[in-house]
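Given next are the chains, with one letter for each unit.
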Amino acid sequence: MVSLVALLTIFVLAIFVGFELITKVPPTLHTPLMSGSNAISGITLVGALLLAGSLDSPVLSKTLAAVAVALATINVVGGFLVTHRMLAMFKKK
Amino acid sequence: MIPEQLRDILYVVAAVLFIYDLKWMAHPRTAVRGNATGAMGMALAVAATLLSEPLDWPYMLVGVAVGGLIGAVAAARVQMTAMPEMVGLFNGFGGGASVLVAGSALVAAVTAMTGAAAAGNGAGMQMKVATVASGLIGSVTFFGSYVAFGKLAEFLAVKWKLHTWQKVIKYSFSLAVVAGGVWYGVVAGIMPHGVGSNTGLLSIALIVCALIIGGLLLRKSDRFPGMNVVKWLSAVACLAVGGALVINPENFMLFWVLAGVAGVLGVILTLSIGGADMPVVIALLNSYSGLAAAATGFVINNTVLIISGSLVGASGIILTNIMCKAMNRSLANVLFGTMGPTGDTPAADEVYKTVKATSAEEIAMVLDGAQRVAIVPGYGMAVAQAQHAVRSLAQLLEAAGTSVDFAIHPVAGRMPGHMNVLLAEADVDYDKLLEMDDINAEMDQYDVAIVVGANDVVNPVARTDPNSPIAGMPIIDVDKANTVIVIKRSLSPGFAGIPNPLFALDNTLMFFSDGRKAINDIIAAVKEAA
């Protein structure tokens, strides 16, 4: 079990890293940035998988998690693919 | 099975890959590589998870198969003009997944407890608070995003005729929400889960929430009397139910009531926001979906969720801030204020007395003598799907030795960067897309500015009239160009609802037509003249 303080530290530091990184993204790429970061927020998939695959959880818990797996997978797969499609159009001639 | 430490190390690697993803998004040259890196990070995180403990596969596989198929098909088929809807919808899925993960974790934790002695031990304070946060933010995101999606696809406010598929989505979603609420409420009422009391009351609360959401989504207008009361009531109720859930986590009926009340809040918050503010809303929901994922990380003690969630949360907040600045409005004003003509807005007839209409032939003559041309696209270009025609016109002019630039206002379109993506789709070099501040500095050196389907973002009133609803909003100063050509279907106002004196200036020519047809007519006229 990781301590709450350690998790909070990670949370706060990651927000600062996020601010630093995103400030450098030019307006031209804001739409792909949104769909790409949206794909990253599909990381909930990890949590959903653990719960859907749990060996000793009740069926209700696993069913909810299976729906979560589906939603998060849409986010991940769709998000990265559509971002790729968009970025491929930004080419220099 | 890999040991827990190895899994956590792989999570750190995945987080680093996500950071590189966002870092490489800083330039179009490296962005494709960045996105691929992010996808690798995700694959690594998923693989580490699957290898870390013995798992029961059927539920997972069904979820992955269904989601993967839908995601891949949607990503391959969506049109670039529909990107705002698509991103809005994906935000919602992220939020929905967070709610369900938190709910599922709560059910698992509560069921793992045996007897009253264990009550309160199975779920620690951190988990309880995080579950509330995740349920609340996630549900606001899910329902808010659905409303944003509906507005962008124009099937919530039924101003335009609906396609059949839009009706199907609209009615079936409302029905599903109501049916889900009623079903769960009734089942829980008959056969209480957990050891909670007053389940009957909670069932009724859940059903009421479902009915409100379902009803709101079917309404034909965006506002209704008492809207603000419901908004504040649902906000207070969210906190109250959240507090009750922290005290009494074994009654997880409360969790669904929380999700229901937060859903009402999400619907109402987004419903009242107008089309011009859509970029802010999309960016904000993007931020929420990240924060919901981070909260879920606290629920299940997972560092990679916390890191990725906060990266996305930060990203959304920055974009929200940029959009708000570009409209000279505060976030609170966008969320809670209203935008519309003020009392002393001049009458449209008065402003438009001296409007000059023009023809494609006249425009061709003006363009013939021009050295520098600026094209200012707006949402109208997206609606008319005119981006390819605009590119052809730019190429034609360049072939004749004219220099052509594109001026992009930060809030042109329906999401941050919307115009840039459309022009990139039409093969316009991104070096030609100039930001507002850069082009404004040189606007007086342009011979011709062509405005395609933009209105409020080129309204000089923002500079001149301190009482106007758009006062102080940064605009593209097209009125300073030698000649301004405005392509627009009519003199109807933009989202701010005010007349635009630009249209009546001495150096402005109005070309009343659909965006794509207008550009194609101009192309034909230019070719004929040459």
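Values in this document were obtained by computation on a predicted structure and should not be read as measured data. (Residues numbered from 1 in each chain as written. Chains lettered and ligands numbered in written order. Predicted model: local features only at pLDDT ≥ 70, side-chain atom pairs only at ≥ 80, totals over all residues. Heavy atoms only, no water.)

(A) Focus on the overall build of chain B. Across its full length, chain B holds 20 helices and six strands. Its C-alpha atoms give chain B a radius of gyration of 26 Å, within 12% of the compact-globule value 24 Å for 530 residues. Scored against the burial criterion, the 530 residues of chain B give a buried share of 56%. Residue pairs at least 24 apart in sequence account for 78% of intrachain contacts in chain B once pairs closer than 6 positions are excluded. A total accessible area of about 20700 Å² is found for chain B, and carbon and sulfur atoms account for 64% of it. A distance of 7 Å separates the average location of the 30 positive side-chain charges in chain B from that of its 36 negative side-chain charges. (Helix = DSSP H or I, 4+ residues; strand = E, 2+ residues; numbered from the N terminus. Rg over C-alpha atoms; globule rule 2.2 N^0.38 Å. Buried < 20%, exposed > 50% of the residue type's maximum accessible area, 1.4 Å probe, protein only. Contact = heavy atoms within 4.5 Å. Areas by Shrake-Rupley, 256 points an atom, 1.4 Å probe, with all protein chains shown as cover. Lys, Arg positive; Asp, Glu negative; His and termini not counted. Charge placed at Lys NZ, Arg CZ, Asp CG, Glu CD.)

(B) Representation of the environment of B:Gly472 in the model. All names here are of chain B. Residue placement: glycine 472 occurs in the loop between helix H19 (461–464) and strand E5 (483–488). The exposure class of glycine 472 is partly exposed, given its relative accessible area of 44%. Residues glycine 472 and glutamate 442 lie 30 residues apart in sequence; the distance between their C-alpha atoms is 20 Å. Apart from residues no more than four positions distant in its own chain, glycine 472 is found in contact with Asn328 and Ala462.

(C) Region of the structure containing helix H3 (residues 44–52) of chain A. By the criterion of burial, H3(A) is predominantly enclosed, with nine of the nine residues buried. For H3(A), the complete set of buried residues consists of A:Thr44, A:Leu45, A:Val46, A:Gly47, A:Ala48, A:Leu49, A:Leu50, A:Leu51 and A:Ala52.

(D) A look at the pattern of salt bridges. Residues and elements named next belong to chain B. Enumeration over the complete set of coordinates arrives at ten salt bridges over all chains. With its nearest N and O atoms 2.9 Å apart, the salt bridge here joins arginine 372 to glutamate 442. With arginine 372 in strand E1 (residues 372–377) and glutamate 442 in the loop between helix H18 (436–440) and strand E4 (448–452), this residue pair connects regions lying 70 residues apart in the sequence. Several salt bridges converge on common partners, so that one network encompasses Arg463, Asp477, Asp479 and Lys480. (Salt bridge = Lys/Arg side-chain N within 4 Å of Asp/Glu carboxyl O.)

(E) Main features of the side chain of B:Thr270. Residues and elements named next belong to chain B. Looking at the secondary structure, you find threonine 270 in helix H9 (residues 253–271). According to the relative accessible area criterion, threonine 270 is buried, its value standing at 5%. From its side chain, threonine 270 meets the backbone oxygen of glycine 266 in a polar contact 2.7 Å long. (Polar contact = N/O pair within 3.5 Å; in protein donor to acceptor, adjacent residues only side chain to side chain.)

(F) Molecular detail of the environment of B:Leu502. Residues and elements named next belong to chain B. With respect to the element layout, leucine 502 can be found in the loop between E5 and strand E6 (508–512). Taking the C-alpha atoms as reference points, leucine 502 and aspartate 477, separated by 25 residues in sequence, lie 9.9 Å from one another. If we skip the residues at most four places from it in the chain, leucine 502 touches Val458, Pro460, Val478, Asp479, Val484, Val486 and Thr508.

(G) Representation of the packing of aromatic side chains within the structure. All names here are of chain B. The full count for this structure, using the stated rule, is twelve aromatic pairs over all chains. Taking the centre distance of 5.1 Å and the plane angle of 50° together, the rings of tyrosine 20 and tryptophan 24 count as tilted. Separated by four residues within a single helix, tyrosine 20 and tryptophan 24 lie in helix H1 (residues 4–24), roughly one turn from each other. Looking at tyrosine 20, the relative accessible area reads 36%, which means it is partly exposed. On the accessibility criterion, tryptophan 24 (22% relative accessible area) is partly exposed. Aromatic side chains phenylalanine 142 and phenylalanine 173 sit 6.0 Å apart centroid to centroid with 40° between the ring planes, which places their arrangement in the tilted category. Residue phenylalanine 142 is found in helix H5 (residues 125–152), and its partner phenylalanine 173 is found in helix H6 (residues 164–190); the two are separated by 31 residues along the sequence. The positively charged end of arginine 33 is found above the aromatic ring belonging to tryptophan 24, 4.3 Å away from the centroid. The ring of tyrosine 379 carries arginine 414 above its face, with NZ or CZ at 3.6 Å from the centroid. (Phe/Tyr/Trp six-rings, centres within 6.5 Å; stacked < 30°, edge-to-face > 60°. Lys NZ or Arg CZ within 6 Å of the ring centre and 35° of its normal.)

(H) Representation of the pairing of E4(B) within the structure. Residues and elements named next belong to chain B. Counting buried positions over the five residues of E4 gives five, a clear majority of the element. Burial along E4 is two-sided: Val448, Ile450 and Val452 and Ala449 and Val451, pointing in opposite directions, are all buried. Bridging between E1 and E4 involves five bridges; their strand directions are parallel. From the neighbouring strand, valine 376 faces E4, where its bridge partner is valine 451. (Pairing = 2+ DSSP bridges.)

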